[in-house]
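The primary structure of each chain is shown beneath.
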Amino acid sequence: MMWMLYTLLAVLVLAGILYLLGNYTFWLPFRTAKLPRIVMLHQVTPDAEASGMNMPPQKFEQLLQYLQNKGSTFCFVSELGEYQGQHNVVALSFDDGFLDNYQYAYPLLKKYNAKATIYLATQIAGIETLTVEQIQEMAASGVVEFGAHTQHHVNLLKLSDEQAYQEMQSSKMDVEALVGKCPSFAYPFGRFNAQHEQMAKDIGFINAVSTRKKIESYSDANQYNLPRVSTHGAMNALQMRIALAKGRYKL
C-alpha cells in the first residue's frame, strides 16, 4: 500500500511542477531592457470576464502603474524605430477598435500619460465599435495613434493576393480619412505570410505587428513582423512581470 501512496504523491508533485512550468515561464531566456516591449491588448471592460481578449480596467491600471514605476517610455508602434537601443521602451497596442477602448482604456491612458496604438478594423462586424467622434477625439489627444487592421477583420491567408492587398490598402485609406494618417498595421488573427509583409511595405505602412509572443529588437528583418507581449486579463502580478520580462507568461 505504501508504494501506491508514494506513486500518487509522485504523480501529484509532477503535475504541480508541470503546472508551474506551464503557467509561469520564468525558465524562458531573459530579454534585456534595451529591447522594446510591444504589449498586445484588445478589450478593457468590467462588463466581461477577464480573458485573453479582455483586461478589466483595474488590471489594466495595475499594468500601467507597474510600467510607470519601472520608468518606462511609452511610444506609438510607429515610433519604435526612433527608440532603438533605449531602455524600458513600451508600445501598448489594441486590436479591432472596441468601444470600451474609449470608455475605459482611454481615461487611464490620459491619467498615466501613456501612449497607445489602436488598430482599427474599419468595417468589422459583431462588436461595439468606436464612433467617428471618439476616434477623432482620441487621435487629437496625443496619447492615441490609430493604425489599420484590414476593413473586415479577415484572415489574409484565405484571400487572394488581390483581395488581401485591397483589404489592407482600403483600411489604411479609411483610417487616414478619419484622422489624417495611418502609419502602422496589425495582421488579423496573426495570419499572414511574406507576401503580406511586402504588401504592408508597398502600401506605405512604417511597420506591422503580428501575434508572435516574443520580445525582439526592432530591425529591418522584423519591421513588418513585429512580435508582441502576450497578456491575459486574469494574470496575476507575478505573471504580468514574467510576461514583460520574457514575452509570455505561460505556454
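Rules behind the numbers
- Residues numbered from 1 in each chain as written.
- Predicted model: local features only at pLDDT ≥ 70, side-chain atom pairs only at ≥ 80, totals over all residues.
- Heavy atoms only, no water.
- Helix = DSSP H or I, 4+ residues; strand = E, 2+ residues; numbered from the N terminus.
- Rg over C-alpha atoms; globule rule 2.2 N^0.38 Å.
- Contact = heavy atoms within 4.5 Å.
- Areas by Shrake-Rupley, 256 points an atom, 1.4 Å probe, with all protein chains shown as cover.
- Lys, Arg positive; Asp, Glu negative; His and termini not counted.
- Charge placed at Lys NZ, Arg CZ, Asp CG, Glu CD.
- Salt bridge = Lys/Arg side-chain N within 4 Å of Asp/Glu carboxyl O.
- Buried < 20%, exposed > 50% of the residue type's maximum accessible area, 1.4 Å probe, protein only.
- Phe/Tyr/Trp six-rings, centres within 6.5 Å; stacked < 30°, edge-to-face > 60°.
- Patch = residues over 30% accessible without salt bridge, like charges linked within 9 Å, V, L, I, M, F, W, Y side chains within 5 Å.
- Axes fitted to C-alpha atoms, helices over the stretch in contact; angles between N-to-C directions.
- Parallel < 35°, antiparallel > 145°, perpendicular 65-115°, else oblique.
- Left-handed = near helix turned anticlockwise from the far one by under 90°.
- Nonpolar A, V, L, I, M, F, W, Y, C, P; charged D, E, K, R; others polar.
- Expected span 1.5 Å × (residues − 1).
- Arc of directions from axis to C-beta.
- Pairing = 2+ DSSP bridges.
- Right-handed = clockwise from strand over helix to strand, strands pointing away.

1. Some details on the overall build of the protein
Part 1: For the protein, the helix and strand inventory stands at seven helices and eight strands.
Part 2: A compact globule built from 251 residues would reach a C-alpha radius of gyration of about 18 Å, and the protein, at 19 Å, matches this within 12%.
Part 3: A principal-axis box enclosing the C-alpha atoms of the protein has dimensions of 75 × 40 × 40 Å.
Part 4: Once local pairs closer than 6 in sequence are excluded, the contacts in the protein between residues at least 24 apart make up 67%.
Part 5: For the protein, the exposed surface amounts to about 11900 Å²; the carbon and sulfur share of it is 55%.
Part 6: Charge centroids of the protein, computed over 21 positive and 21 negative side chains, lie 13 Å from each other.

2. Considering the pattern of salt bridges
Part 1: Overall, the coordinates contain six salt bridges when judged by the stated rule.
Part 2: A salt bridge links Lys115 to Glu79; the nearest nitrogen and oxygen atoms lie 3.2 Å apart. Taken together, the positions of Lys115 in the loop between α3 (100–111) and β4 (116–120) and Glu79 in the loop between β2 (73–74) and β3 (89–96) put the pair 36 residues apart, joining distant regions of the chain.
Part 3: Residue Lys115 is classed as partly exposed on the basis of its relative accessible area of 21%.

3. Quick notes on the packing of aromatic side chains
Part 1: Overall, the coordinates contain five aromatic pairs when judged by the stated rule.
Part 2: Where Phe60 meets Phe94, the ring centres are 5.8 Å apart and the plane angle is 75°; that geometry is what we call edge-to-face. Separated by 34 residues along the polypeptide, Phe60 in helix α2 (residues 57–69) and Phe94 in strand β3 bring together distant segments of the chain.
Part 3: Judged by relative accessible area, which is 0%, Phe60 ranks as buried.
Part 4: Ring centres of Tyr102 and Tyr106 lie 5.5 Å apart, and the angle between their planes is 25°; this geometry places the pair in the stacked category.

4. Description of a nonpolar patch on the surface
Part 1: Among the surface-exposed residues, Ile17, Leu20, Leu21, Phe26, Trp27 and Leu251 lie close enough to one another that they form a single nonpolar patch of about 570 Å² accessible area.
Part 2: By the element assignment, Phe26 lies in the loop between α1 (2–23) and β1 (37–41).
Part 3: Accessibility expressed as a relative area gives 43% for Phe26, which makes it partly exposed.

5. A closer look at the packing of α2 against α3
How two helices pack is summed up by the angle between their axes together with the distance between the axes.
Part 1: Where α2 meets α3, the closest approach of the two axes is 10 Å, and the angle between their N-to-C directions is 25°. Classified by the interaxial angle, the pair formed by α2 and α3 is roughly parallel. By crossing handedness, the relation of α2 to α3 is classed as right-handed. Facing α2, whose interface residues are Pro57, Phe60, Glu61 and Leu64, α3 presents Tyr104, Ala105, Leu108, Leu109 and Lys111.
Part 2: When grouped by side-chain class, the residues that make up the contact of α2 with α3 number seven nonpolar, no polar and two charged.

6. Some points on α3
Part 1: For α3, with twelve residues, the first-to-last C-alpha span of 16 Å sits near the 16 Å given by 1.5 Å per residue.
Part 2: Turning to α3, its buried residues are Asp100, Asn101, Ala105, Tyr106, Leu108 and Leu109. On an axial view of α3, the arc spanned by its buried residues comes to 165°, and they lie on one face.

7. Considerations on the pairing of β4
Part 1: Of all the five residues making up β4, five are buried; the element is thus mostly covered by neighbouring parts of the structure.
Part 2: Burial of β4 is two-sided: the residues Ala116, Ile118 and Leu120 facing one way and the residues Thr117 and Tyr119 facing the other way are all buried.
Part 3: For β3 and β4, the ladder comprises five bridges, and the chain directions are parallel. Paired with Leu92 across the two strands is Ala116, which belongs to β4.
Part 4: The pairing of β4 with strand β5 (residues 144–148) spans five bridges and is classified as parallel. Following the sheet pairing, Leu120 is matched in β5 by Ala148.
Part 5: For the handedness criterion, the β-α-β arrangement of β4, helix α4 (residues 132–141) and β5 is classed as right-handed.

8. Side note on the pairing of β3
Part 1: Among the eight residues that make up β3, eight are buried, leaving the element largely enclosed by the rest of the structure.
Part 2: As paired elements, β2 and β3 share two bridges and run parallel to each other. Note on β3: the bridge partner recorded for Thr73 is Val89.
Part 3: Read as a crossover between parallel neighbours, the route from β3 over α3 to β4 is right-handed.

9. Some remarks on the environment of Ser217
Part 1: Along the chain, Ser217 turns up in the loop between β7 (207–213) and β8 (226–228).
Part 2: On the accessibility criterion, Ser217 (39% relative accessible area) is partly exposed.
Part 3: With 123 residues separating them along the chain, Ser217 and Phe94 place their C-alpha atoms 20 Å apart.
Part 4: Excluding its chain neighbours within four sequence positions, the residues that come into contact with Ser217 are Leu35, Pro36 and Asn222.

Everything listed is a geometric property; what it means functionally is a separate question.
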